[in-house]
Number of protein chains: 2
Amino acid sequence: MAPWGKRLAGVRGVLLDISGVLYDSGAGGGHGLRGAIWQLKRSRLKVRFCTNESQKSRAELVGQLRRLGFDISEGEVTSPAPAACQILKERGLRPYLLIHDGVRSEFDQIDTSNPNCVVIADAGESFSYQNMNNAFQVLMELEKPVLISLGKGRYYKETSGLMLDVGPYMKALEYACGIKAEVVGKPSPEFFKSALQAIGVEAHQAVMIGDDIVGDVGGAQRCGMRALQVRTGKFRPSDEHHPEVKADGYVDNLAEAVDLLLQHADK
Amino acid sequence: MAPWGKRLAGVRGVLLDISGVLYDSGAGGGHGLRGAIWQLKRSRLKVRFCTNESQKSRAELVGQLRRLGFDISEGEVTSPAPAACQILKERGLRPYLLIHDGVRSEFDQIDTSNPNCVVIADAGESFSYQNMNNAFQVLMELEKPVLISLGKGRYYKETSGLMLDVGPYMKALEYACGIKAEVVGKPSPEFFKSALQAIGVEAHQAVMIGDDIVGDVGGAQRCGMRALQVRTGKFRPSDEHHPEVKADGYVDNLAEAVDLLLQHADK
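Quick notes on the rules
- Residues numbered from 1 in each chain as written.
- Chains lettered and ligands numbered in written order.
- Predicted model: local features only at pLDDT ≥ 70, side-chain atom pairs only at ≥ 80, totals over all residues.
- Heavy atoms only, no water.
- Least-squares fit on C-alpha atoms with pLDDT ≥ 70 in both.
- Contact = heavy atoms within 4.5 Å.
- Buried < 20%, exposed > 50% of the residue type's maximum accessible area, 1.4 Å probe, protein only.
- Helix = DSSP H or I, 4+ residues; strand = E, 2+ residues; numbered from the N terminus.
- Polar contact = N/O pair within 3.5 Å; in protein donor to acceptor, adjacent residues only side chain to side chain.
- Buried area = accessible area lost by both parts, 1.4 Å probe.
- Salt bridge = Lys/Arg side-chain N within 4 Å of Asp/Glu carboxyl O.
- Nonpolar A, V, L, I, M, F, W, Y, C, P; charged D, E, K, R; others polar.
- 1 Å grid on protein atoms, 1.4 Å probe; cavity = no way out; pocket = protein on both sides within 12 Å on 5 of 7 lines; lining within 4 Å.
- Points joined across faces, edges and corners; volume = space filled by probe spheres on them.
- Pairing = 2+ DSSP bridges.
- Axes fitted to C-alpha atoms, helices over the stretch in contact; angles between N-to-C directions.
- Parallel < 35°, antiparallel > 145°, perpendicular 65-115°, else oblique.
- Left-handed = near helix turned anticlockwise from the far one by under 90°.
- pLDDT = per-residue confidence, 0-100.
- Right-handed = clockwise from strand over helix to strand, strands pointing away.

In the superposition of chain B on chain A (RMSD 0.0 Å, axial shift 0.0 Å), the rotation amounts to 180°. The relationship between the two copies is best expressed as a two-fold rotation axis. Of the residues that chain B buries at the interface, 100% are likewise interface residues in chain A, meaning the two copies contact each other through the same surface.

Right, let's get into helix α7 (residues 213-222) of chain B. Residues and elements named next belong to chain B. Within α7, 7 of the 10 residues are buried, which leaves the element mostly enclosed by the surrounding structure. By the burial criterion, the buried members of α7 are Ile-213, Gly-215, Asp-216, Val-217, Gly-218, Gly-219 and Ala-220. Regarding α7, its N-cap is Asp-212, as a side-chain oxygen of that residue lies 2.9 Å from the backbone nitrogen of Val-214 further along.

As a further point, take the interface of chain B and chain A. Taken together, the contact pairs 30 residues of chain B with 30 residues of chain A. Both sides of the chain B and chain A interface together cover about 2,700 Å² of buried area, and 62% of this is carbon and sulfur. Here chain B and chain A share 0 salt bridges between them. At the boundary of chain B with chain A, the tally comes to 16 residue pairs in polar contact (both at pLDDT 80 or more). Mapped onto the side of chain B that touches chain A, the elements with two or more residues apiece are α4 (129-141), β7 (155-158), β8 (161-164) and α5 (166-177) of chain B. When residues of the side of chain B that touches chain A are assigned to their parent elements, the largest contribution, 8 residues, is made by α5(B). Grouping the constituent residues of the side of chain B that touches chain A by class yields 16 nonpolar, 9 polar and 5 charged.

The next subject is the layout of surface pockets. With a probe scaled to a water molecule rolled over the atoms, the places where space remains empty come into view. The computed volume of the second largest pocket comes to approximately 1,000 Å³. Taken together, the elements giving at least two residues each to the lining of the second largest pocket come down to β7 (155-158), α5 (166-177) and α7 (213-222) of chain A together with α4 and α5 of chain B. If you tally residues by element for the lining of the second largest pocket, the top one is α7(A), at 5 residues. Among the residues making up the lining of the second largest pocket, the classes are represented as 16 nonpolar, 13 polar and 20 charged.

Moving on to the sheet that holds strand β5 (residues 117-120) of chain A. Residue and element names in this part refer to chain A. Taken in spatial order, the 4 strands line up as β4-β5-β6-β9 in an open sheet, and their pairing is parallel. What marks the edges here is a single partner per strand, and that holds for β4 (95-98) and β9 (182-184). Here the strands of the sheet are splayed against their neighbours by 20° on average, with no regard to which way each runs. Here strand β6 (residues 147-150) pairs with β9 via 3 bridges, running parallel. Counterpart to Ile-148 in the pairing with β9 is Glu-182. Across the sheet, helix α3 (residues 80-90) lies against β4, β5, β6 and β9, angled at about 160° from β6, the strand it touches most. Each of β4, β5 and β6 touches helix α4 (residues 129-141); the most contacted strand, β4, lies at about 160° to it.

All names here are of chain A. Where α4 meets α5, the closest approach of the two axes is 10 Å, and the angle between their N-to-C directions is 40°. Taken together, the axes of α4 and α5 are oblique relative to one another. In this structure, α4 meets α5 at a crossing whose hand is right-handed. In contact with Met-132, Ala-135, Phe-136, Leu-139 and Met-140 of α4, α5 contributes Tyr-169, Ala-172, Leu-173, Ala-176 and Cys-177. In the contact of α4 with α5, the residues fall into 10 nonpolar, no polar and no charged.

Right, let's get into the sheet that holds strand β3 (residues 77-78) of chain A. Residue and element names in this part refer to chain A. Pairing within the open sheet is parallel, and its 6 strands lie in the order β3-β2-β1-β10-β11-β12. The two strands at the open ends of the sheet, each matched to only one other strand, are β3 and β12 (249-251). By the bridge criterion, 2 bridges tie strand β2 (residues 46-50) to β3 in an arrangement that is parallel. Directly across from Cys-50, in β3, lies its bridge partner Thr-78. Against the sheet, α7 contacts β10 (206-210), β11 (226-230) and β12, and its axis sits at roughly 165° relative to β11.

The share of residues in chain A with pLDDT of 70 or more is 97%, and the mean pLDDT across the chain is 94. In the model output, the complex is listed with pTM 0.86 alongside ipTM 0.85.

As a general feature of sheets, a regular strand has side chains that alternate between the two faces. Residue and element names in this part refer to chain A. Within β2, 4 of the 5 residues are buried, which leaves it mostly tucked inside the rest of the structure. As judged from the 4 bridges shared by strand β1 (residues 13-16) and β2, these two strands associate in the parallel manner. Of the residues in β2, the one forming a bridge with Gly-13 is Lys-46. Remark: the β2/helix α2 (residues 58-67)/β3 crossover connection has right-handed handedness.

Moving on, we get to the pairing of β7(B). Residues and elements named next belong to chain B. Inspection of the sheet shows β7 paired to β8 by 4 bridges, in the antiparallel sense. Counted as the bridge partner of Glu-158 is Gly-161 from β8. Hairpin connection from β7 to β8: 2 residues lie between these consecutive antiparallel strands.

All names here are of chain B. Note that Thr-78 resides in strand β3 (residues 77-78). Judged by its relative accessible area of 8%, Thr-78 is buried. Of note is the side chain of Thr-78, whose polar atom sits 2.8 Å from the side chain of Arg-48.

Turning to the pattern of salt bridges, a few remarks are in order. In total, this model carries 28 salt bridges over all chains according to the counting rule given. The closest approach of N and O atoms between Lys186(B) and Asp216(B), which form a salt bridge, is 2.8 Å. In this pair, Lys186(B) sits in the loop between β9 (182-184) and α6 (189-199) while Asp216(B) sits in helix α7, placing the two residues 30 residues apart along the sequence. Each member of the pair, Lys186(B) as well as Asp216(B), is classed as buried. Salt bridges sharing partners connect three or more residues here, namely Lys41(A), Arg42(A), Asp71(A) and Glu76(A).

Here's what the structure looks like:
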């Protein structure tokens, strides 16, 4: 039994990362994880999925998870593309979209003519030199360049191996243009707060469960939440000795996290 | 007459950037620049071409310049690929080469099997997601990842507009892997020093002429050289008010720089 389990006392709400936690989580998983979600959602705990997924629209993401057997609906997901759309509308920004085709539908209502900013997301194969250079040229033409990045993750894990995420490409444009991007998504405090608001839970009553020691664990802790790291997905053993971030607990996978939560949260 | 011209007194050697100075230098240029090089090489001043060009081999670069009418030979050029090859050999490194096909011949003698480092250069269109991810995966497999970057320029100017240089992609891999690249090329002091050695001139007797306020001007000044910025190539008016670097002088183009040098250097 994890000796730190008692740190979960008083938890009322749970934020769950998706990639690396629910799927692409390495060996094991599968049936056990579907059962864990099922149990969690039938407990007294409020649950919200809080993802930086920016290759797929929420509809596509939820469809994929449901096909994998997970009981999840679109309304339970906080993801960066809708948050970015709200910012674009509020500030009258017309983006050049350096994004994956899978997430383009989230921007259907956004005017992209004569761009006055760049939105960058996990574009995968669309991170061609040509597309990066287009984004760069848009930014260099602007008097006050605005670069909005959906997350700033370094990499994620697919079955085929580690894959570059949006963060490295965000850094590339920051350096090229001498600017600083605005990050929408984890670890931005606004993003965690909007996920907590959606379930009506205060930060000190909530725990984040994720595979990213910096983006999930560190980000949530800076917002006053507790945070567990799962040893799945992009987890690496060195994360448990990270120089700056220490999780409240480390679990082998989501199923172990849910067991501990159901046992300790009410105490 | 430039009032700062007298700062050129005592100059014995001249290092010349190529791209943005000899060509891709915007309007004007052409015949005047070829004449300037001709005059310079027939003066008492020692001349060395000091370039971060990493898309082309020296042979290809010199061939192109000769076709443009410039009197230049391969032996007069200091460029980063040969410097990198020397480092690779000295340290027994076998690189994954994230480079442009045009410069691949410079690495003909280098063992690239079972890579234990990454060499990144201005790869242009070869900066695909796939190639970047290959380099990333090589680095993440290494216990002590070594990333060697041929220059760290932000961008350069082609006739068609500003183009991303190697620097942004170097930054992307640095961030993705949590490492720091070793830069071979300007503004590395070793690189400037090897160019000075080639003409037997001390730093305090030399002037660098380039279009890059940070890489050319700032880098040369940190080595104890004087440095002029040309208002061609990637020059932007804001460079003359750069927060950290102030050139010893600004000239409209290489021809003006050479005029001033021939007039003041001997005094």
